[in-house]
Structures are given as structure tokens and as C-alpha cells.
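Breakdown of the fold
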Amino acid sequence: KMLTDGLEDVLVLFGSQTGNAEAIAVRIGADLAARGTPSSLLCMKDFEKMDLGLPRTVICVVSTTGAGDAPENACKFFRTMKKRTQPPAMLGAWGFAVLGLGDTNYDHFCKAGKDLDRRLGGLGAS
């Protein structure tokens, strides 16, 4: 259902460097729609459009780039989530899942996804 911020209560949030994570996020949204569950698709760079306090299910699809870094279009979202001043229950109304993408040839395989999963949980999401 549509929430007061204009987004569905199921949100597919993506951060992508080369387009792979975005393509997977689009497919997840299409699969949800095919099963009768409307969702909103949002790039992490546009996260300020959503009300973080609203109850919703958030599916995060994020790639890892460089030395374990988040993609450029996800950096602001990651910085905001990582702020130590964020309240520990800030995302307490969220249910979430993270799909981290990476290359096993690199030392920091899926690090952005692992970091995001740990931090969202640390902010109260379950």
C-alpha cells in the first residue's frame, strides 16, 4: 500500500556502479508485481525522498566496488546510515533484506552489502 511519503510499503532500494544491482532490483520489483505485491523502486542516492520512520519492508540490492566500497550512487545513503549520532531505533519500523553483489576474486567480497546489513540491524531494522 502507498504510504504518506508517496512510496509503497515494500521498497526495493539499490546502489549500483555498473548497472547490475539496478537490473536485479528492477527484476525483484517486477517479480513482486507479478505476485500481486506493489513496490517502489528507488536508487540509494534518492533515499531522502522516503520517510525513514514509516513501517515498511525494504529490500536493498547493493554492489561492492573498489576496495570494498559502496557504489557512487549509494555513498550518501551509506554515510547517513553510518553516522554515530543516529538513534539506535531509527529504523525500528523496518523489515529488511540485503542482497550484496561482488566478485569473489577480490579480498573485500560483498563488503558493502555486509556492512549495510550490519548497520541497518544496528539501527533497529529487523
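Details of the structure are given in the entry above.
Summarised in this report is the structure supplied together with it. Counting restarts for each chain: residues are numbered from 1 in the order of the written sequence. Residue-level local features of this predicted model are given only where pLDDT is at least 70; pairs of side-chain atoms are given and counted only at 80 or more, and the full residue set underlies all totals for whole chains, interfaces and linings. Only heavy atoms go into the side-chain values, all of them from the structure, while hydrogens and water stay out.

Turning next to the nonpolar core. Of all hydrophobic cores here, the largest spans 25 residues; its most connected members are Met44, Phe78, Leu91 and Leu120. Those elements that provide at least two residues to this core are strand E1 (10–15), strand E3 (56–63), helix H2 (75–82), strand E4 (94–101) and helix H3 (111–122). Between two residues, a contact is recorded if the distance between any of their heavy atoms is within 4.5 Å. Not counting the four nearest positions on each side in its chain, Phe78 is found in contact with Met44, Val62, Ala70, Ala112 and Leu116. Among buried residues, the Ala, Val, Leu, Ile, Met, Phe, Trp, Tyr and Cys ones that are joined through side-chain atoms within 4.5 Å form a nonpolar core. Each residue gets one of three labels from its accessible area relative to the maximum for its type: buried under 20%, exposed over 50%, partly exposed in between, using a 1.4 Å probe on protein chains only. Think of it this way: any DSSP run of H or I at least four residues long counts as a helix, any run of E at least two long counts as a strand, and we number them from the N terminus.

What follows deals with the sheet that holds strand E2 (residues 40–43). A pair of strands is labelled paired if DSSP reports no fewer than 2 bridges between them. Reading across from one edge, E2-E1-E3-E4 is the order of the four strands in this open sheet, with parallel pairing throughout. The sheet terminates laterally at E2 and E4, the two strands that pair on one side only. Across the sheet, the mean angle separating the axes of adjacent strands is 20° when strand polarity is ignored. The pairing of E3 with E4 spans eight bridges and is parallel. Across the sheet, Val62 pairs through a bridge with Gly100, a residue of E4. Relative to E4, H3 is tilted by about 165°, and along the sheet it contacts E3 and E4. Under this scheme, a helix contributes an axis fitted over its contacting stretch, all axes are lines through C-alpha atoms, and angles between N-to-C directions fall in the 0 to 180 degree range.

Before going further, it helps to spend a moment on helix H1 (residues 20–34). With 15 residues, H1 should cover 21 Å at 1.5 Å per step; its first-to-last C-alpha distance of 21 Å lies within 8% of that length. Along H1, the residues that are buried comprise Ala21, Ala25, Gly29 and Leu32. Buried residues of H1 fall within an arc of 80° about the axis and therefore sit on the same side. Every exposed residue of H1 that faces more than 90 degrees away from the buried side is listed here: Asn20, Arg27 and Ala34. Here the buried face of H1 lies against E1, E2, E3 and E4. With its phi angle positive at about 85°, Gly36 sits one or two positions after the end of H1. Expected span of a helix, by definition, is 1.5 Å for each gap between consecutive residues, and there is one gap fewer than residues. Directions from the helix axis toward the C-beta atoms define the arc.

With that settled, the discussion passes to the packing of aromatic side chains. Any Phe, Tyr or Trp ring, taking Trp's six-membered ring, that has another such ring centre within 6.5 Å forms a pair; planes under 30 degrees apart are called stacked, those over 60 apart edge-to-face, and the others tilted. Per the stated rule, a full pass over the model turns up two aromatic pairs. Judged by centre distance (5.3 Å) and plane angle (70°), the ring pair of Phe47 and Phe77 falls under edge-to-face. With Phe47 in the loop between E2 and E3 and Phe77 in helix H2, this residue pair connects regions lying 30 residues apart in the sequence. We classify Phe47 as buried; its relative accessible area is 4%. Where Phe77 meets Phe78, the ring centres are 6.4 Å apart and the plane angle is 80°; that geometry is what we call edge-to-face.

Turning to the environment of Val98, a few remarks are in order. Among the structural elements, Val98 can be located in strand E4. Measuring from C-alpha to C-alpha, the distance between Val98 and Thr57 comes to 11 Å, with 41 residues separating the pair along the chain. Residues in contact with Val98, not counting those within four places in the same chain, are Cys60, Val62, Gly113, Leu116, Asp117 and Leu120.

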